[in-house]
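Topology and contacts: notes
The lines below spell out each chain.
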Number of protein chains: 2
Amino acid sequence: MPSTPLPDLYRAYIDGLNRQAWDELHRHVAPDVERNGDKLGFAGYRAMLVKDFQDIPDLWFTIALLACTPPLVSARLAFDCSPKAKFLGLAVDGRKISFTENVFYEYRAGKIARVWSVVDKPAIEAQLAQMTAP
Amino acid sequence: MPSTPLPDLYRAYIDGLNRQAWDELHRHVAPDVERNGDKLGFAGYRAMLVKDFQDIPDLWFTIALLACTPPLVSARLAFDCSPKAKFLGLAVDGRKISFTENVFYEYRAGKIARVWSVVDKPAIEAQLAQMTAP
């Protein structure tokens, strides 16, 4: 598995997320995965993703940009989706928003071991300010 | 110049920013540079950076993570600094904050032509909420 190029592993991970193939997630995520310094572990990471899809029924991950220098993969992810209620503390309440996330992943033995994510919250704030209330 | 590896070009760009070597900036930034979809051009990009250092006198760019797949460079930048007044609309008022920026650069002929930056504003909001007023 470590011989598969990391961008290919990463695209397979994102494809699995979009299919909500939770039984495949262990192939892509390490047991002791950390995200933004939080030691979530696999169960916590899986629970976070499952909740994301519950809160955002039309969630879909699109890879807009990708750079790789092993063991790092960096992606710019693009989203067009409708969070049902609050998202990042903002009252989106079902309105359609577009935003991006720039995120680094550190792979270890073919699995994601550490994640450093930044979501463009100001872009969402600016969109909501220009919309009428839901 | 295009034969120099992009990570080396990028590190030289960041080194120049930290020295505030504005007369060298044209070596690193294209005349028609765009940032987050804004067609700033070189003059606008330079003015943005100069203003950043005016607003944040102790500004210093540290490359925490770097990934490269030409023509893309992606970096996670780490900052420990003290914006004099407002920063991203937040009243920092001279207090020391730590935050990160995940940012992609597209190079063209050895110069930065497009930039997609996301700054971790929620991290700053969380720090300010835990501080006493200045």
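Let me begin by describing the structure that accompanies this report. (Residues numbered from 1 in each chain as written. Chains lettered and ligands numbered in written order. Predicted model: local features only at pLDDT ≥ 70, side-chain atom pairs only at ≥ 80, totals over all residues.)

Residue and element names in this part refer to chain B. The strand order across the open sheet formed by 5 strands is β1-β7-β6-β3-β2, and the pairing between neighbours is mixed. The two strands at the open ends of the sheet, each matched to only one other strand, are β1 (29-35) and β2 (62-69). The mean inter-strand angle of the sheet, taken between neighbouring strand axes irrespective of direction, is 20 degrees. Sheet topology note: the strand β3 (residues 72-81)/strand β6 (residues 97-108) ladder contains 10 bridges and is antiparallel. The partner of Asp80 across the bridge, within β6, is Ser98. Running over the sheet, helix α1 (residues 6-18) touches β2, β3, β6 and β7 (111-119) and is turned about 150 degrees from β2. (Pairing = 2+ DSSP bridges. Helix = DSSP H or I, 4+ residues; strand = E, 2+ residues; numbered from the N terminus. Axes fitted to C-alpha atoms, helices over the stretch in contact; angles between N-to-C directions. Contact = placed C-beta atoms within 7 Å.)

Bringing the sheet that holds strand β3 (residues 72-81) of chain A into the picture now. Residue and element names in this part refer to chain A. The 5 strands are arranged β1-β7-β6-β3-β2 in an open sheet whose pairing can be described as mixed. A single partner strand is all that each edge strand has here, and the edge strands are β1 (29-35) and β2 (62-69). Neighbour to neighbour, the strand axes of the sheet diverge by 20 degrees on average, direction disregarded. Sheet analysis places β2 next to β3, joined by 7 bridges and oriented antiparallel. Paired with Ile63 across the strands is Leu77, a residue of β3. The sheet strands contacting helix α3 (residues 121-130) are β6 (97-108) and β7 (111-119), and the helix crosses β6 at an angle near 170 degrees.

All names here are of chain A. Two strands pair when backbone bridges link them, and β6 and β7 are joined in this way by 8 bridges, in the antiparallel orientation. Within β7, the residue paired with Val103 across the bridge is Ser117. Linking two consecutive strands that pair antiparallel, namely β6 and β7, is a turn of 2 residues; a positive phi of about 50 degrees is found at Ala109 within it.

For the rest of this paragraph, the subject is the relation of the copies chain B and chain A. Each copy of the sequence occupies a distinct position, and chain B is placed on chain A by a rotation of 180 degrees and an axial shift of 0.0 Å, giving an RMSD of 0.0 Å. Here the symmetry operator amounts to a two-fold rotation axis. Both copies share a contact surface, since 100% of the interface residues of chain B are interface residues in chain A too. (Least-squares fit on C-alpha atoms with pLDDT ≥ 70 in both.)

Attention now goes to the interface of chain B and chain A. Across the contact, 19 residues belong to chain B and 19 residues belong to chain A. Listed by contribution, the elements that provide at least two residues to the side of chain B that touches chain A are β2, β3, β6, β7 and α3 (121-130) of chain B. When residues of the side of chain B that touches chain A are assigned to their parent elements, the largest contribution, 5 residues, is made by β2 of chain B.

In short, geometric facts, not functional conclusions.
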